[in-house]
Amino acid sequence: MSLFLSSLFILCLGAFLLVLLTRSRAMSGLIFLGTLIPGCLLGAAAALGVLIHRAPIDHRLNLRMPAGEFYLGVDPLSAFFLLTITILFLSAGVYGYGYLKSDKERNLSVHYALYHAALISLMLVVTAKNAVLFLVAWELMALSSYFLIMFHDEKKAVREAGYLYLIVTHTGTFCLWVMFLLMARQSGSMDFDQMALASFPLPLAGALFILGIIGFGVKAGFIPLHIWLPHAHPAAPSHISAVLSGVMIKMGVYGLMRTILIIKDFPEWCAVTLLLIGMISGVGGVLYALGQHEIKKLLAYHSVENIGIITLGLGTGLWGQICHNEFAALIGYAGAFLHVFNHAVFKGLLFLSAGSLIRSTRTGEIDRLGGLLKRLPWTGHLFLIGALAICGLPLFNGFVSEWLVYRALFEGMFHFELNGIALSSLAVISLALIGGLAAACFAKAFGAIFLGNSRSIDITHVTENSVLMCVPMAVLGGICVWIGLFPAVMVSFALGAAATMTSSPISSATEGVIIAPLLTAVLVLSILIGTIAILTLLKRTAMKFLPVEKAQTWGCGYAMPTSRMQYTAASFAQPLLQIFRNVLDYRVKGNRPKEYFPEEGEVSSRVTDAAEDFFFRPAFGFIKSLSAKLKVIQCGYTQWYLLYILIFLLMLLVWKMV
Amino acid sequence: MGIRILLHIMVVVILSPLLLGITGKTKAFLVGRWGPPLLQPYYDIGKLFRKGNVYSTTTTWIFQAAPVVSMAAVLVSAIFVPFGSLKAPLPFFGDIILFAYLYGLARFFMIIAALDTGSSFEGMGASREAAFSCLAEVVLFLDFIILALLSKSLVLSEMVEGNILSSWQLFGPAILLAGVSYFLVLLAENARIPVDDPATHLELTMVHEVMVLDHSGWDLAYILYGSAIKLFVLGALFVNILVPFHGLPPVMQTIVFWAGMIVLAVGLGIVESCMARLRLNQVPQLLIGAFVFALVGLLVVLIKGV
Amino acid sequence: MELFLLAGFPALMAAVVFLLRQDRLRKIILFLTSLVHLFVTISFWQGPRDVQFNPFLGFDAASQLVLTLVSILFFVVSIYLIGYLKEKRRRSNGIFMGCLLCLLSTMTLVTMSRHMGLLWIAIASTTLLSAPLINYYRKPRGIEATWKYLLISSLGIALGLLGTLFLAISAAPVKTIFLADILDNAALLSPSWLKLSVIFLLVGYGTKMGLAPMHTWKPDAYGEAPAPVGALMSGAVTACAFLAVCRVAQICFHAGLQRFVSPIFILLGILSMGIAAIFIMGQKDFNRMLGYSSVEHMGILALGIGLGGGAVWASLFHAVNNAFAKGLIFLVSGNLYQGFRSKKVENIQGVIHRFPVTGIFLILGFIVLIGFPPFGIFYSELLILKEAVTAQRYLAAFFYVLFLSVIFFGYSGVILRMALGRPTEDTPVTAKKENFFMIAPLVILLGVLFFSGVFVPGPFYDLLDEASALLGGR
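Residues numbered from 1 in each chain as written. Chains lettered and ligands numbered in written order. Predicted model: local features only at pLDDT ≥ 70, side-chain atom pairs only at ≥ 80, totals over all residues. Heavy atoms only, no water.

(A) Just the overall build of chain A, in detail. For chain A, the helix and strand inventory stands at 23 helices and five strands. The C-alpha radius of gyration computed for chain A amounts to 26 Å, which stays within 12% of the reference 26 Å derived for 658 residues, consistent with globular compactness. Its C-alpha atoms give chain A principal-axis dimensions of roughly 105 × 70 × 60 Å. Within chain A, the proportion of its 658 residues that are buried is 65%. Sequence-distant contacts, at least 24 apart, represent 80% of the contacts inside chain A between residues at least 6 apart. (Helix = DSSP H or I, 4+ residues; strand = E, 2+ residues; numbered from the N terminus. Rg over C-alpha atoms; globule rule 2.2 N^0.38 Å. Buried < 20%, exposed > 50% of the residue type's maximum accessible area, 1.4 Å probe, protein only. Contact = heavy atoms within 4.5 Å.)

Structure, rendered in structure tokens:
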């Protein structure tokens, strides 16, 4: 625990110093890095300690809070998230330092301090063992992340995105208030440990589950509660988007896991709900992503997709728990855990590289870019690694966690009741569809941005960004490959955390049964690498004796192709979107070229977010117009005001005295 | 183990173009021609191996790496599939997922390689490939689900070997439906008629072939070899599903399997001779049809009880 | 001696201020008086909780709580006034200062009065004394607001007087309406007269407190009053009215009328929050919005008292935090008015870039008021909800959460639009930065708020416990 506490202390100290030293730029940067690095490393060390020994530790601080207690604890569940948080915050922080270093206009120490505050609040969220402390940390997290998003507050879009984020997340938090208070009523305590000892009748558990789904789902970005996400992530500076998408939304997952751990016994429909949410969020997220032509917005929708995958794992875990099929539960939870970590790593990597590319080219519009792999080799290749990983392709970490989720779903298919089988099958199909669509989407993004030629902007002066930005990305990319090729360590950590969820220690035999196939898969992958090497070698050797020419891309006989004539991301996505046009609101509009010698023409396509445009905005507008209508109460005439009082008095008299 | 893997891979490498040869011969025969020799695909690939390369100035290393990666991926995928008495050398629980995702890896690289050229034709092909393969993958997984439910296993070779005979007896319609849908996927994945026409290039309606317009020499050879292997592996799986020969003695297994492969190749030729390529916008409908077949199969399994 | 220093001394100083000619001297006197008041108030913290000066005046835990917050807030405002009134030289501020001092005196009286009649007199005089303060700028709208304030409050006071009379009738067997006697002999009170009296007192003092639907003077009065006056009125005067309402609740508790009175409190609370929710949404005038925010928080207080149990504690805790938070945000609004010469939201933008310090306090004030941790309002709102959930009053809990959410929509929409963004070019903005006296009070208030949220000092905790025990809470 001392490791964790000292990490918290260092970060608090850093935040405090940063607030004090708002004047000196150089100092604030130094303090930022000087406290962030040891703070994160200590936090990661604390998490690793718990994950390796699988023994929880806890600590009570004697602070007199009005309603709760400052009670911290790190069990494997917390530790797994703690590890994720520290790794991503560390790399995004260093990157952010490089990203902002040349920004001479702004006062960065406030931003740095807020970054520390967000980190501290996240660490508290995952380690709080008291509901009040949890809520405090939760709200602090919302607040600090709001101000982090508002870095470019001079832009209207950013302000609106931030506002949306704040109100949506705060409304969700009220559900959590009610949820925790109901739990506290049942158990008579605000401590998670005490709550876990209480027994919850099934209807109450269901109600708590719904509250949790709404409250945590808003943060996690379950469809249709995801509406803030595609606005907030692009609005923030990229290192902030990385942590928002990488770990902040995972706190919703963490919260759900903690809730499940506390309540334990759920009615079956809860697991069904989770699986359905997972499928809808997964497929919906990736379809919406396919329709986006702005890189960060696209990535934001992919967060929704990956949350869907995590939820599939979680749902299977819960179902396994309900059916007393511990093995399926274990794998499901482990898949969810590992995907949390993996998504943090590769989505962090993708957002960071997107940031690097936006910084270099000043635009994130995919259809204006192209050919950047030659100009931005580090960014481009690391983006490729992230893209391969997020599609769940073998050799990278995404495959490992998706494999676990698949495995869990199949496990459910083999052992559950009929509706469980049906739903698991549906989930497997969704997962397959998600995989295919994600691959299409990232082929589109990577191809349009980094390959071919630039479509609209001049990239001859584009240069790679500083080492400070590339190294954190490279570290994250390295983790992607490391887990992809040597999954045993992280899978066993994930299993440890999953064993906490099922509240029973996991035998090494069970662990072996789960890990062994992965090791064989790794063997196959090494054969794959070997084959690639042999084929390359053969080709290389042969090429020495054969002529190699350089020429223009073949234009099929057309003599003067321009780079504007390349396939765009919008057209790349068109066939798929056309297939799914009944699910999406996919519209192509524009002024198509007419006649034989057309002079100008334009076509654009757009996918609108159904939840946002057809539900939340109208609902919000309704509240606004209702309040505007009701404002006639305050009409300005004092006579009326006096009448209100008398009527009210009369009403009370009739009500209470008669 | 190592030798078995090597043997498996060697079988695929040596025999896969032959399948294409048989199909080509059948097609020629059906229209009343002698057609190219059986070994023509070997000659084609061999010719390409002797040619030099032309690279577009737009391209990066991805353009050159994609053929290698994609061929390696399909080659490695072969080790999960039993070929008659040649059992899968390296099976593990859950290998079907890796099997499917290896194809995903190959496809991803081919698509980005097409985008790497900056040619709008290749972009178009890549876009269609991405769209169709999404649907095909879903159908493939649905078929896997049926097989997994019937065999209670996630090992590809066990799924097609273990109790496929009793499955046939108990759930005949389901397997048949799965087989039909799998066959449609096979056609789509391998760019055969009616989804795509391997004999033409450069038509605006093409899918797979336009993606490789700019490849030449060894790269093109790898690509052609890769697609031959893919057809071979997926075809072998098809034969394994449809023909429950695993109870037979090893020699018979070998004979039945290879006979099945030849029948498949001939069958492909027949299908391609009798049908025209579908219009592009009907391809998704075909795949959705395959999906429905598989779904009905799954329902049969679920309703009859596992 | 203490009694004189607390209640009489400010009145005396008010007379001195009327006689003096120099504005600057008046400010100093105001500051010193409030300092003395603060010291004396704090000195009571060490002694025994219940102090009886004479039959009419005395202390218990609740009065000490309210007196402390009144005193701190007044002290802070007196510092702020040093800076705020710097440039107003055209007119003498004698009346203004005098009224302020008298207001302090009467507010002290409210907290100390142990007689229901005296309580009524004190409450009524706070109304009279605060009326001249509202119209400091002498604008037509100010006069209108003052007039409305006086008229509506008078009705409330009249009802309060009736309520007091009914109380006296019901207390006929006791023969007095000294608080202590009523509480000791609560069983002897005639229930039906007492009920009648409670309704009238609640409506009467509720008007003063600004509970809906008696709140209608609030937006006008707070909208037109100068910022420091707004701070005092929404922080201290409402707290005094709240104390009066608490006395009613206390009597009900002792008379066993809790089941009778708690629905009324809950209704008042929910209604106030609902009205505030409607009007905060899309509000165009910052100070008016703060007025409605005050309605909201008064509603939360009433709700807490109505729910009973742990919510009473939370309600008292909320009263303290609300007073300081309101003080903070009103003083910020003063800074904004000096900087932008406007109270319209559309004219005030990008505060954080134009006036960084005020901007930060604006945001912090928002955070405090809306109930974000680590500030106290978060805990009190949470605890009130806890009581509602524990007592299974799900309907009240539902409306509570609903209105809190809608208020949050409106509130954050207005304040964040003001605080962030690029300042508009065409608004007239004075180049003058905030002076020291206009920042220091904000720092003090924020410090107090922060400490009450993160670490509640032991004595304060005990005081809250005792005060809520008086009202039948846990």
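(B) Layout of the overall build of chain C. A tally of helices and strands in chain C yields 19 helices and two strands. Taking 2.2 N^0.38 as the reference for a compact globule, 474 residues should give roughly 23 Å; the C-alpha atoms of chain C span a radius of gyration of 21 Å, in line with that estimate. Its C-alpha atoms put chain C at 70 × 55 × 45 Å along the principal axes. The buried share of chain C, taken over its 474 residues, is 70%. Contacts in chain C between residues at least 24 apart in sequence constitute 82% of all its contacts with a sequence separation of at least 6. When the accessible surface of chain C is totalled, it reaches about 14,900 Å², and 68% of it is carbon and sulfur. (Areas by Shrake-Rupley, 256 points an atom, 1.4 Å probe, with all protein chains shown as cover.)

(C) Region of interest: the arrangement of the chains. Looking at the two pairs of chains with contacts, the pair that accumulates the most is chains A and B. Nowhere do chain B and chain C come into contact; their C-alpha atoms are at least 41 Å apart.

(D) Main features of the domain arrangement of chain A. Each assigned domain of chain A is listed with its residue range as follows: domain 1 (290-536) and domain 2 (611-657). For domain 1 of chain A and domain 2 of chain A, the distance between their C-alpha centres works out to 51 Å. (Domains from an automatic or database assignment.)

(E) Helix H2 (residues 25-53) of chain A, seen in detail. Compared with an ideal rise of 1.5 Å per residue, which puts 29 residues at 42 Å, H2(A) spans 42 Å between its outermost C-alpha atoms and is within 8% of the ideal. A:Arg54 sits one or two positions beyond H2(A) and adopts a positive phi of about 55 degrees. (Expected span 1.5 Å × (residues − 1).)

(F) Spotlight on the side chain of C:Gln250. Residues and elements named next belong to chain C. Relative to the assigned elements, Gln-250 resides in helix H10 (residues 227-255). Here Arg-247 takes part through its side chain, which lies 2.9 Å from a polar atom of the side chain of Gln-250. Contacts of Gln-250, omitting those with residues within four sequence positions, involve Asp-60, Leu-179, Leu-183, Leu-470 and Leu-471. (Polar contact = N/O pair within 3.5 Å; in protein donor to acceptor, adjacent residues only side chain to side chain.)

(G) Examining the interface of chain C and chain A more closely. Contacts between chain C and chain A engage 76 residues on the former and 52 residues on the latter. Summed over both sides, the interface between chain C and chain A buries roughly 5,800 Å², with carbon and sulfur atoms accounting for 80% of that surface. Counting across the chain C and chain A interface gives zero salt bridges. Between chain C and chain A we count 11 residue pairs in polar contact (both at pLDDT 80 or more) in total. Looking at the side of chain C that touches chain A residue by residue, the class counts come to 51 nonpolar, 16 polar and nine charged. (Buried area = accessible area lost by both parts, 1.4 Å probe. Salt bridge = Lys/Arg side-chain N within 4 Å of Asp/Glu carboxyl O. Nonpolar A, V, L, I, M, F, W, Y, C, P; charged D, E, K, R; others polar.)

(H) View of the nonpolar core. One finds A:Phe180, A:Phe337 and B:Phe108 to be the most contacted residues of the largest nonpolar core, which totals 591 residues. The residue makeup of this core includes at least three contributed by each of domain 1 (290-536) and domain 2 (611-657) of chain A. If we ignore the near neighbours within four places in the chain, the residues touching A:Phe180 are A:Ala131, A:Phe134, A:Leu135, A:Phe192, A:Met195 and A:Phe216. (Core = buried A, V, L, I, M, F, W, Y, C linked by side-chain atoms within 4.5 Å.)

(I) The arrangement of unusual backbone geometry in detail. With omega at 5 degrees, the peptide bond leading from A:Ile223 into A:Pro224 counts as cis. Summarising the element assignment, A:Pro224 is placed in the loop between helix H8 (202-220) and helix H9 (229-235). In this structure, C:Pro213 follows C:Ala212 across a cis peptide bond, with omega equal to 0 degrees. Relative to the helices and strands, C:Pro213 is located in the loop between helix H8 (191-209) and helix H9 (217-224). The phi dihedral of A:Glu595 falls on the positive side, at around 60 degrees, and the residue is not glycine.

(J) Structural detail: the environment of A:Ile280. All names here are of chain A. Within the element layout of this structure, Ile-280 appears in helix H12 (residues 268-290). On the basis of relative accessible area, Ile-280 is assigned to the partly exposed category, the value being 48%. Here the alpha-carbon distance between Ile-280 and Leu-36, two residues 244 residues apart in the chain, equals 37 Å. The contact partners of Ile-280, leaving out residues within four places of it in the chain, are Ile-223 and Gly-285.

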